[in-house]
Amino acid sequence: MSALIECRNLFKTYQMGDTKIRALDGVSLEIDAGEYVAVMGASGSGKSTFMNLLGALDRPTAGYLRVDGSALDQLTPEQEADFRGRSIGFVFQQFNLLPRTSAVENVALPLVYAGVPAAERRKRAMTRLEQMGLAERYDHHPSQLSGGQQQRVAIARALVNDPQILLADEPTGALDSKTSEDIMALFDSLNREGITVILVTHEQEVADHAKRQLVFRDGKVVEDRS
């Protein structure tokens, strides 16, 4: 059985004026379904570039990248959008919620793009909000929610399409330490349910929740530890 994520000799180069910046420099690795992986490294190490490639938000300059059966370097823009909607749930540091929209409407947004009928959208969004312990806050706008509650809404939105993979970029970066622990306990629980969790972090306490840690430096994976 092939891995859920396969990278072979993956490169990503950016042109900055007359200078070429190699953000990824020959990364090769595999991630199996159900793994819980922390991606670590200093600023500029390549960890965020790696995450963007996994989520089909960017394309590699060279190399082979297959995620959940899709060769991401060969997809059309329409196929990329379909892949993201089908396979990937995104969680960001700043939540990225629509400020004038209720929690349930924020969670249901990916289903709008997927063409799911309104009644089914609301049902599925409410189910995910209930899973996050926020069913009674369904009609609240982001300004009426705490930071931790907003991140739970964002996680519910990431899960509403039942993705194979949850990609989280510094998911606790805007939260206090107690709320961060609560959010990480939620990721732990989601991974136990079988979701593949990959999170970018520079905090060792966050990375220690994962079962595998990939450390990037100068575009290379310098450590791969369990």
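Not measured: the values here are computed from a predicted model.

S.K.: Please give an account of the overall build of the protein that cites residues and values.
M.R.: Helix and strand counts for the protein stand at 7 helices and 10 strands. Expressed along its principal axes, the backbone C-alpha trace of the protein runs to roughly 50 × 40 × 40 Å. Counting all 226 residues of the protein, 49% fall into the buried class. For the protein, the accessible surface area stands at approximately 10,900 Å², while carbon and sulfur atoms represent 47% of it. With 25 positive and 31 negative side-chain charges, the protein shows a separation of 3 Å between the mean positions of the two kinds.

S.K.: Report on helix 2 (residues 77-87), specifying residues and quantitative values.
M.R.: Taken together, the buried positions of helix 2 are Glu80, Phe83 and Ser87. All buried residues of helix 2 fall inside an arc of 65° around its axis, so they share one side. Opposite the packed face of helix 2, turned more than 90 degrees from it, sit the exposed residues Pro77 and Glu78. Looking at the packing, one finds that the buried side of helix 2 touches helix 1 (47-54), strand 4 (62-67), strand 5 (70-71), strand 6 (88-92) and strand 7 (165-169).

S.K.: Report on the packing of helix 3 (residues 103-113) against helix 4 (residues 118-131), specifying residues and quantitative values.
M.R.: The interhelical angle for the contact between helix 3 and helix 4, taken along N-to-C directions, is 125°, at an axis separation of 8 Å. If you check the angle between helix 3 and helix 4, you find them oblique. For the pair helix 3 and helix 4, the sense of crossing is right-handed. Contact residues: helix 3 offers Ala103, Val104, Val107, Ala108, Leu111 and Val112, while helix 4 offers Arg121, Arg122, Arg124, Ala125, Met126, Arg128 and Leu129. Its residues placed into classes, the contact of helix 3 with helix 4 shows 9 nonpolar, no polar and 4 charged.

S.K.: Summarise the nonpolar core; cite the residues concerned and give the values.
M.R.: With 39 residues, the main nonpolar core has Leu129, Val153, Ile155, Leu166, Phe187, Leu190 and Leu199 as its most contacted residues. If you list the elements that add at least two residues to this core, you get strand 3 (36-40), helix 3, helix 4, helix 5 (147-159), strand 7, helix 6 (177-192), strand 8 (196-200) and helix 7 (204-207). Broken down by element, this core gets its largest block of residues, 6 residues, from helix 5. Apart from residues lying up to four places away in sequence, Val153 is in contact with Leu97, Ala103, Asn106, Val107, Leu129, Leu134 and Leu145. Counting 28 residues, the second-largest nonpolar core is a separate cluster that includes Ala56, Leu65, Phe90 and Ile165.

S.K.: With reference to specific residues and values, describe the environment of Thr201.
M.R.: Here Thr201 shows up in the loop between strand 8 and helix 7. Assessed through its relative accessible area of 1%, Thr201 is described here as buried. With 59 residues separating them along the chain, Thr201 and Pro142 place their C-alpha atoms 24 Å apart. Other than its neighbours up to four places away in sequence, Thr201 contacts Val39, Met40, Gly41, Lys47, Glu170, Val206 and Ala207. Within the structure, the side chain of Thr201 is placed 3.0 Å from the backbone nitrogen of Glu203, a separation counted as a polar contact.

S.K.: For unusual backbone geometry, give the residues involved together with the corresponding values.
M.R.: At Asp68, a residue that is not glycine, the phi angle is positive and equals roughly 50°. Following the sequence through the fold, Asp68 ends up in the loop between strand 4 and strand 5. Residue classification places Asp68 among the partly exposed positions, given a relative accessible area of 22%. Non-glycine residue Glu170 carries a positive phi angle of around 50°.

S.K.: Residue-level account of helix 1, with values.
M.R.: Of all 8 residues in helix 1, 6 are buried; the element is thus mostly enclosed. Of the residues making up helix 1, those classed as buried are Lys47, Thr49, Phe50, Met51, Leu53 and Leu54. Where helix 1 ends, the next residue or the one after it, Ala56, has phi of about 60°, a positive value.

S.K.: Tell me about the packing of helix 4 against helix 5, residues and numbers included.
M.R.: Where helix 4 meets helix 5, the closest approach of the two axes is 9 Å, and the angle between their N-to-C directions is 135°. In terms of their interaxial angle, helix 4 and helix 5 are classed as oblique. In the packing of helix 4 onto helix 5, the handedness of the crossing is right-handed. Facing Arg128, Leu129 and Gln131 of helix 4, the residues of helix 5 in contact are Val153, Ala156 and Leu159. A breakdown of the residues in the contact of helix 4 with helix 5 according to their chemical character gives 4 nonpolar, 1 polar and 1 charged.

Reading guide: rules and limits
- Numbers given to residues run from 1 along each chain, matching the order in which its sequence is written.
- Given that the model is predicted, a residue must reach a pLDDT of at least 70 before its local features are reported, and side-chain atom pairs must reach 80 or more before they are shown or counted; all residues, however, enter totals for whole chains, interfaces and linings.
- The basis for the side-chain values is all heavy atoms of the structure; hydrogens and waters are excluded.
- Each helix corresponds to a stretch of at least 4 residues labelled H or I by DSSP, and each strand to a stretch of at least 2 residues labelled E; elements are numbered beginning at the N terminus.
- With a 1.4 Å probe rolled over the protein chains alone, any residue whose accessible area is under 20% of its type maximum counts as buried; one over 50% counts as exposed, and the rest are partly exposed.
- Surface accessibility follows the Shrake-Rupley procedure with a 1.4 Å probe radius. Residue values consider only the protein chains on display as shielding.
- Charged-residue counts in this description rest on Lys and Arg as positive and Asp and Glu as negative, His and the chain ends being excluded.
- The location of each charge is read from NZ of Lys, CZ of Arg, CG of Asp or CD of Glu.
- This arc describes the spread of directions from the helix axis toward the C-beta atoms.
- In what follows, a contact means two residues having at least one pair of non-hydrogen atoms within 4.5 Å.
- Each axis is a line fitted through C-alpha atoms, and for a helix only the stretch in contact is used; angles between axes span 0 to 180 degrees, taken between their N-to-C directions.
- Roughly parallel means an angle under 35 degrees; roughly antiparallel, over 145; roughly perpendicular, 65 to 115; everything else is oblique.
- By definition, turning the near helix anticlockwise from the far helix through less than a right angle yields a left-handed crossing, and turning it clockwise yields a right-handed one.
- In this count, Pro and Cys sit with the nonpolar residues alongside Ala, Val, Leu, Ile, Met, Phe, Trp and Tyr, while Asp, Glu, Lys and Arg are called charged and the others, Gly among them, polar.
- Buried Ala, Val, Leu, Ile, Met, Phe, Trp, Tyr and Cys residues form a nonpolar core when they are joined through side-chain atoms within 4.5 Å.
- Within 3.5 Å is the distance limit for a polar contact, defined as a pair of N or O atoms, with the added protein rule that one can donate a hydrogen and the other accept it, and that residues adjacent in sequence qualify only through two side-chain atoms.

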